[in-house]
Amino acid sequence: MTSSYGLRGQHPLQGLQGLQGLQGRAAIVTGGTRGIGRAVAGQLAEAGALVCVTARDADAVRRTAEELGGVGLAGSVADPAHPRAVTELVLREFGRLDVLVNNAATNRPYGPLMAADPDEWREAFALNVEAPLRLVQCAWRTWMAEHGGAVVNVCTEGAAHVGPNVGAYGTTKAALLHLTRQLAGELAPGVRVNSVSPGLVRTEMARFVWEPGEREVAAGLPLGRIGEPEDVARAVVWLASDAAQWVTGADLLVDGGTRVRAAYASTPYAVHDRLRSGAPTDTGPGSPSGR
Ligand SMILES: NC(=O)c1ccc[n+]([C@@H]2O[C@H](COP(=O)([O-])OP(=O)(O)OC[C@H]3O[C@@H](n4cnc5c(N)ncnc54)[C@H](OP(=O)(O)O)[C@@H]3O)[C@@H](O)[C@H]2O)c1
């Protein structure tokens, strides 16, 4: 079940439009109502793009679409009907579809793989891997094959290695990383496909890691702090823009130096300590800890 929201009007940051060739281009950002996706949607709008956000929480979608002067579609992107619905909405409202940011994801099922529930495992792949492919297929068939475009998938720094309790999440993100490179080859030269891999970022999804241990994690990072959603958004927007016109199949690490920390500090990896001792809170609609 999905519902759409639209609001036409002048964008409040209109003075900053025209940056990076994004002026007047149309973009979809999945999971665009909070965290990294919201920051990406905001920066794209700031650069003059026409933005469509998706998420399950219908109020948040409506509010965000209004704030951005764009449109939105409420529903789960893992719903097989959702990718086509959002693509049709964008083409109807904006008449084009130039940028796709596959950002929505789940970090469930959390825990050792021997305890992983098969239904939750399938849901994770449906959301983190299948939905991005379905969206690219819809965008390709309806606009990008003929007119070109840019796709940015949000992966994770953790996809390159293993960690406690995040085996399902890491496996889906490793698959998304491979999908990124495969699509980059298949869709060139018209469509560029890249990914951004964030380290620990101050969002709801990762609250269980950073809230109890931010100082400790930051102290072990070469750049001395955890990430903010805007740090990641700048990389996503750059890859979506013409500034990255000769970049495809790339994975841009935005991790404060997480992957090179062994040459910086000899302390144990604080993020893994937190993954061992904490668990994500459910932030979905209707959950006790949700909005
Ligand atoms: N935060 C980190 O430290 C970190 C690190 C590495 C990678 N990442 C990646 O960054 C991306 C964004 O994560 P975040 O940390 O910004 O998370 P977040 O703050 O929890 O935001 C997630 C967004 O996705 C939406 N969403 C969740 N499930 C959805 C579904 N089934 N269909 C449509 N929308 C859905 C949420 O809205 P609703 O709940 O209303 O649906 C929300 O807008 C994810 O791909 C994540 O794996 C995050």
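Just above sits the structure.
What you see is a predicted model, and the numbers here were worked out from it, not measured in a lab.

## Examining the site of the ligand
Working step 1: In the neighbourhood of the ligand, 32 residues make up the surrounding shell, with Gly31, Gly35, Asp57, Ala105 and Thr203 lying closest.
Working step 2: Sorting the residues of the shell around the ligand by element identifies α1 (35-46) and β3 (50-55) as the ones contributing at least two each.
Working step 3: Among the elements that line the shell around the ligand, the one with the most residues is α1, at three residues.
Working step 4: When the residues that make up the shell around the ligand are grouped by side-chain class, the tally is 15 nonpolar, 13 polar and four charged.

## Points about helix α7 (residues 229-240)
Working step 1: With twelve residues, α7 extends 16 Å between its outermost C-alpha atoms, agreeing within 8% with the 16 Å of an ideal straight helix rising 1.5 Å per residue.
Working step 2: Of all twelve residues that make up α7, nine are buried, and the element is covered over most of its length.
Working step 3: Taken together, the buried positions of α7 are occupied by Pro229, Asp231, Val232, Ala233, Ala235, Val236, Val237, Leu239 and Ala240.

## A short note on the nonpolar core
For soluble globular proteins, the rule of thumb is that nonpolar side chains tend to be buried together.
Working step 1: With 82 residues, the main nonpolar core has Ala27, Leu44, Val51 and Val236 as its most contacted residues.
Working step 2: Ranked by the residues each element gives to this core, the list is headed by helix α4 (residues 118-147), at eleven residues.
Working step 3: Setting aside residues up to four positions removed in sequence, Val236 forms contacts with Val40, Val101, Val152 and Val196.

## Overview of the environment of Ala244
Working step 1: Note that Ala244 resides in the loop between α7 and β8 (251-254).
Working step 2: Ala244 sits in the partly exposed class, given 19 other C-beta atoms within 10 Å.
Working step 3: In this structure, the C-alpha to C-alpha distance between Ala244 and Ala174, residues 70 residues apart in sequence, is 23 Å.
Working step 4: Discounting residues that sit within four places of it in the chain, Ala244 has contacts with Trp238 and Leu239.

## Focus on unusual backbone geometry
Working step 1: Of note, the bond from Arg108 into Pro109 is cis; its omega dihedral lies within 30 degrees of zero at -5°.
Working step 2: Take Pro109: it is sitting in the loop between β5 (99-102) and α4.
Working step 3: The amide bond that connects Ala188 to the next residue, Pro189, takes the cis arrangement and shows omega of 5°.
Working step 4: The topology assignment puts Pro189 in the loop between α5 (167-187) and β7 (191-198).
Working step 5: In this model, Asn165 sits at a positive phi of 70°, which is unusual for a non-glycine residue.
Working step 6: Position of Asn165 among the secondary structure elements: in the loop between β6 (149-154) and α5.
Working step 7: By C-beta crowding, Asn165 is classed as buried, having 22 other C-beta atoms within 10 Å.

## Topic: the pairing of β6
Working step 1: A large share of β6 lies buried, amounting to six of its six residues.
Working step 2: Neither face of β6 is open: one carries Gly149, Val151 and Asn153, the other Ala150, Val152 and Val154, and all of them are buried.
Working step 3: Alignment of β5 against β6, held across four bridges, turns out to be parallel. Across the sheet, Val99 pairs through a bridge with Ala150, a residue of β6.

Analysis parameters
Residues numbered from 1 in each chain as written. Predicted model: local features only at pLDDT ≥ 70, side-chain atom pairs only at ≥ 80, totals over all residues. Near = placed C-beta within 6 Å. Helix = DSSP H or I, 4+ residues; strand = E, 2+ residues; numbered from the N terminus. Nonpolar A, V, L, I, M, F, W, Y, C, P; charged D, E, K, R; others polar. Expected span 1.5 Å × (residues − 1). Buried ≥ 20, exposed ≤ 12 C-beta atoms within 10 Å, placed from the backbone. Core = buried A, V, L, I, M, F, W, Y, C linked by C-beta atoms within 7 Å. Contact = placed C-beta atoms within 7 Å. Pairing = 2+ DSSP bridges.

Such coordinate-based values are descriptive only and should not be taken to indicate function.
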